[in-house]
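Fold and geometry: a report
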Amino acid sequence: MGRRARDRRRQQQQQQQQRQRQERGGDSGGGGGGGDQAGWAGGYPEIVKENELFERYYRELGIVPDGEWGDFMAALREPLPATLRITGYRSHAREILHCLKEKYFKELEDLEVDGQKVEMPQALSWYPEELAWHTNLSRKILRKSPQLEKFHQFLVSETECGNISRQEAVSMIPPLLLNVNPHHKILDMCAAPGSKTAQLIEMLHADMNDPFPKGFVIANDVDNKRCYLLVHQAKRLNSPCIMVVNHDASSIPNLQIDVDGRKEVLFYDRILCDVPCSGDGTMRKNIDVWKKWTTQNSLQLHGLQLRIATRGVEQLAEGGRMVYSTCSLNPIENEAVIASLLEKSQGALELADVSSELPGLKRMPGVTKWKVMLKDGQWLEEWKDVPSNRQTQIRPTMFPVKDEEKLKAMNLERCLRILPHHQNTGGFFVAVLIKKSPMPWNKRQPKAHQKLPQRTGDAEVTAANSDNGSEHITEELTPDENEESKKKQELQNSDTEQSKKEGVCGPPPSKKMKLFGFKEDPFVFLPEDDPLFLPIQKFYALDPSFPKMNLLTRTQEGKKRQLYMVSKELRNVLLNNSEKMKVINTGIKVWSRNTDGEQFGCAFRLAQEGIYTLYPFIHARIINVCIEDVKILLTQENPFLSKFSSETQKKVKDMAMGSIVLKYDPDPAKPDDLQCPILLCGWQGKTSLRAFVPRNERLHYLRMMGVEVFKAKRKDEESKSKAEEELQHRLAQTEEGMDVEDKEHDLVTKMEAEIGEESSHSPVENSAMEVENKIEDLGQSGKNANSHVIQESKDTERSNVKD
């Protein structure tokens, strides 16, 4: 039997099974919705939301207040409400919120579906400025009403272009408690999938008038494949202040920065330490946890969590703040880790009192007493009770501190535990640590702080202090050892010095590669005298203050197709640490090569991703447009100049052809119009004017201006489905009456050859960015990528429960 015949038969069988399930569901109707559930479940056995060991364990620990156990378990068995957060920078976020409340939420008022009133979305009371909402609307209900379907389409489209983020409510708490300011240097240690990282980037850009905040975010994850998901999330915010790296968080190396000719260790002002955990706080959305839960999960993860947290506080600056969080309720993963960290810090760390922060958030204080349960249900109260054959798995740090004075000084009650039944959320744990002095094992000055001899060369760097990035300080070297060390260091740097002078930041040498994954292209900064930049500077009349040294490409040879930009601070980090760390992505695309532009004096057109960063430095080729012009630009592909307002036509008349900036400024006298500024990249032709804006971004701006885009989108989907039906029909006709055994193979071979020939001639867009291709291909390429061989790789799989 041929491939198409098999596919057609399989499709017919699936349709028949679907009809049978629906019939069975219809027969059992009237029993309280049993029929709907049968049709929705699709024949899979429902997971029983019971776990006797789980109930016994948490009842004994007493983390749930007296009289609330029934409510706690009932909440865990209910599905988690969908929560969304309005992302982006302040003025745009306010416009999206206004659109949601005044248009979509109003349409849901008094709406009934199947005789039941639709529950209105509610703002999270503790999230600032009403920028986070939760709703109990399921996908099934969303498809049953045109108004709900319109709301659903809005959510999907805005999520695709990054203006709305689906994020669990409790996951939004850690970034808020970090108290980030635009000048802070931030490390996100276990960042994927990236929703918390996005919050941190937004906080850096609190002042929209500053395109280059002094702070930055370094977002790390141990899983190479998840790093590309992280890139996809972060690049929606179009920030030049984010760098994604791939390293084991428990041994993330010390980075160095150049400070007035000195190489100094980079210490972070804020660190987010959202560690891999057992995830029993996520039972409402990850129902597999019900049958898989065991105390063994927490016991196995405790050591990894403590190592990651320890590495975090080592890299924290004095006076800095680190938030430790898990989506687990277990004290072994929470208070035990914090208590151990506080004890070995010998007063260098303290728990911050955040009881007055996030008013409206219901929380439980941290516990000071707990016990350890083995997999077989045996309880252990102290380390001395642990059998000798279990002392490698059960560690002393898992038990509470017995010294009452020490325990009181730790203030463990300052930790927060979020219980699901209090505000209809998931379970969560947060602790906020402040570093008052260096860690006891880091009292001596790191070698990286020593004054280095001045060298020539713009981008010269020294080798890493150590392979694993440990901050533990070694004994002072004797003169002979010192001389030998210098020789080794010179030899180690000899291969990379030349490339550093040219501003090339490549991936780490292969001998240091502990993680597998995609091979990354180098980051090459443009030299000061690069002839590529002069035509760009002249064409766009760039301000003399434009930081051209921050421009980079991802290629050393051949034509440079894309130009990216990073902040001055991230450039410093990149140039001094490329051998120590695998950098996955950084920078924002600001210019793309356009061969048509060469004849007009500039081979590079502006990129929409970086227009808000570039705009303050551009003094030419700017056209101010009214809101009607913006609507024309966004709804028509290549409109003639005659369609625009007379003012726009006058401005365009004396301007040379090529890339332009189209700017819309809101009019306060017209409050019904869009009240946030818009910058669009465009192209001026001989007789036309067009916008180079991605489709989802077009739809976003049109919605903000009150233009109905739902019908147009629906028509597109209908035409696509029609085309697919016609294709299936033609394929079916081709197969009819053929001898499948004799001719199927020949037909498939011929069609595949034709498809291959067509695809070989298909045009390739010039604007294809290397890392974007890797993200898009992740679904296929990621399956074939090698998995990690480090010991904790099994544990990090559990980090999928985050966010």
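Structural data are supplied above this passage.
Here we summarise the structure given alongside this text.

Thresholds applied
- Residues numbered from 1 in each chain as written.
- Predicted model: local features only at pLDDT ≥ 70, side-chain atom pairs only at ≥ 80, totals over all residues.
- Heavy atoms only, no water.
- Helix = DSSP H or I, 4+ residues; strand = E, 2+ residues; numbered from the N terminus.
- Buried < 20%, exposed > 50% of the residue type's maximum accessible area, 1.4 Å probe, protein only.
- Contact = heavy atoms within 4.5 Å.
- Areas by Shrake-Rupley, 256 points an atom, 1.4 Å probe, with all protein chains shown as cover.
- Pairing = 2+ DSSP bridges.
- Axes fitted to C-alpha atoms, helices over the stretch in contact; angles between N-to-C directions.
- Left-handed = near helix turned anticlockwise from the far one by under 90°.
- Nonpolar A, V, L, I, M, F, W, Y, C, P; charged D, E, K, R; others polar.
- Parallel < 35°, antiparallel > 145°, perpendicular 65-115°, else oblique.
- Core = buried A, V, L, I, M, F, W, Y, C linked by side-chain atoms within 4.5 Å.
- Phe/Tyr/Trp six-rings, centres within 6.5 Å; stacked < 30°, edge-to-face > 60°.
- Lys NZ or Arg CZ within 6 Å of the ring centre and 35° of its normal.
- Polar contact = N/O pair within 3.5 Å; in protein donor to acceptor, adjacent residues only side chain to side chain.
- Salt bridge = Lys/Arg side-chain N within 4 Å of Asp/Glu carboxyl O.

1. So, the overall build of the chain
Within the chain, the secondary structure is distributed over 28 helices and 30 strands. Within the chain, the fraction of its 803 residues that count as buried is 51%. Once local pairs closer than 6 in sequence are excluded, the contacts in the chain between residues at least 24 apart make up 78%. Only carbon and sulfur atoms are counted for the fraction: they give 48% of the accessible area of the chain, which is about 39100 Å².

2. Observations regarding the sheet that holds strand β30 (residues 689-691)
Taken together, the 4 strands give an open sheet; going across it, the order is β27-β28-β29-β30, and neighbouring strands pair in mixed fashion. The open sheet terminates on both sides in strands that have one partner only, identified here as β27 (622-624) and β30. The average angle at which neighbouring strand axes cross in this sheet is 35 degrees, direction not considered. Inspection of the sheet shows strand β29 (residues 678-684) paired to β30 by 3 bridges, in the antiparallel sense. If you follow Q684 over to β30, its bridge partner there is L689.

3. Focus on helix α9 (residues 195-204)
Taken across its 10 residues, α9 has 10 buried, putting it largely inside the fold. For α9, every residue scored as buried is listed here: S195, K196, T197, A198, Q199, L200, I201, E202, M203 and L204.

4. Concerning the packing of helix α21 (residues 627-635) against helix α23 (residues 695-704)
It is at 10 Å that the axes of α21 and α23 come closest, and there the two elements cross at 150 degrees. Pair α21 / α23 crosses with left-handed handedness. On α23, the residues touching K631, L633, L634 and T635 of α21 are R698, Y701 and L702. Its residues assigned to classes, the contact of α21 with α23 shows 4 nonpolar, 1 polar and 2 charged.

5. Quick notes on the pairing of strand β25 (residues 588-593)
Of all 6 residues that make up β25, 6 are buried, and the element is covered over most of its length. With 4 bridges joining them, strand β23 (residues 562-565) and β25 adopt antiparallel strand pairing. Bridge pairing in β25 links Y564 to K589. Bridge analysis of β25 against strand β26 (residues 604-606) gives 3 bridges, and the strand direction is antiparallel.

6. Examining the packing of helix α7 (residues 146-160) against α23
One way to put it is that α7 packs onto α23 with a least axis distance of 9 Å and a crossing angle of 125 degrees. Considered as vectors, α7 and α23 are oriented oblique to each other. Considering the relative orientation of α7 and α23, their crossing is left-handed. Note on element contacts: α23 touches α7 through N696, L699, H700, R703 and M704, opposite Q153, F154, S157, E158 and E160.

7. Observations concerning the sheet that holds strand β5 (residues 132-135)
What the 4 strands build is an open sheet, ordered β4-β5-β1-β6; its pairing is antiparallel. Sheet topology places β4 (122-123) and β6 (164-166) at the edges, where each strand pairs with a single neighbour. Taken together, the 2 bridges between β4 and β5 define a ladder with antiparallel strand orientation. Paired with A123 across the strands is W133, a residue of β5.

8. A look at the nonpolar core
With 175 residues, the main nonpolar core has W126, I218 and I338 as its most contacted residues. No other element matches the 8 residues that helix α5 (residues 90-108) contributes to this core. Setting aside residues no more than four positions away along its own chain, W126 makes contact with A169, M172, I173, L176, L358, P359, G360, L361 and Q423. In terms of nonpolar packing, the next biggest core, distinct from the first, is built from 26 residues, I536, F604, I618 and L679 among them.

9. Section: the packing of aromatic side chains
Within the structure shown, the criterion is met by 19 aromatic pairs. Ring geometry for F539 and Y540: centres 5.0 Å apart, planes at 90 degrees, overall edge-to-face. Accessibility assignment for this pair places F539 and Y540 in one class, buried. Feature note: the residues F212, F533, F539, Y540, F546, W591 and F617 constitute an aromatic cluster, connected by ring pairs. Looking at R571, its charged tip hangs above the ring of F525, at a distance of 5.0 Å from the centre. The ring of F692 carries the charged tip of R605 above its face, separated from the ring centre by 4.5 Å.

10. Some thoughts on the side chain of N51
Mapped onto the secondary structure, N51 falls in the loop between α2 (34-41) and α3 (52-61). Only 3.2 Å separates the side chain of N51 from the backbone nitrogen of L53, close enough to count as a polar contact. Only 2.7 Å separates the side chain of N51 from the backbone oxygen of W290, close enough to count as a polar contact. Residues within four places of N51 in sequence aside, it is in contact with W290 and W293.

11. So, α23
Of all 10 residues in α23, 8 are buried, a share of seventy percent or more. Taken as a whole, α23 has its buried residues at E697, R698, L699, H700, Y701, L702, R703 and M704. Once α23 ends, the next one or two residues include G706, with phi positive near 85 degrees.

12. Regarding the side chain of K435
In this fold, K435 is placed in strand β19 (residues 428-435). Owing to a relative accessible area of 3%, K435 belongs among the buried residues under this scheme. A distance of 2.8 Å separates a polar atom in the side chain of K435 from the backbone oxygen of L316. With residues near it in sequence (within four places) discarded, K435 still touches V313, E314, L316, A317, E318, G319, G320, A348 and L349.

13. Some details on the pattern of salt bridges
Scanning the model with the defined rule gives 26 salt bridges in all. The residue K106 makes a salt bridge to E102 at a minimum N-O spacing of 3.2 Å. Of this pair, K106 and E102 both sit in helix α5, 4 residues apart, roughly one helical turn. A relative accessible area of 46% places K106 in the partly exposed class.

14. Observations regarding unusual backbone geometry
Keep in mind that most residues, glycine aside, have a negative phi and that most peptide bonds are trans. The omega torsion of the bond from A192 to P193 falls at 5 degrees, within 30 degrees of zero and hence cis. One non-glycine residue, N179, lies in the positive phi region at around 55 degrees. Relative to the assigned elements, N179 resides in the loop between α8 (173-177) and β7 (185-188). The exposure class assigned to N179 is partly exposed, which follows from its relative accessible area of 32%. The phi dihedral of N238 is positive, around 50 degrees, even though this residue is not glycine. Structurally, N238 can be placed in the loop between α10 (224-234) and β9 (242-246).

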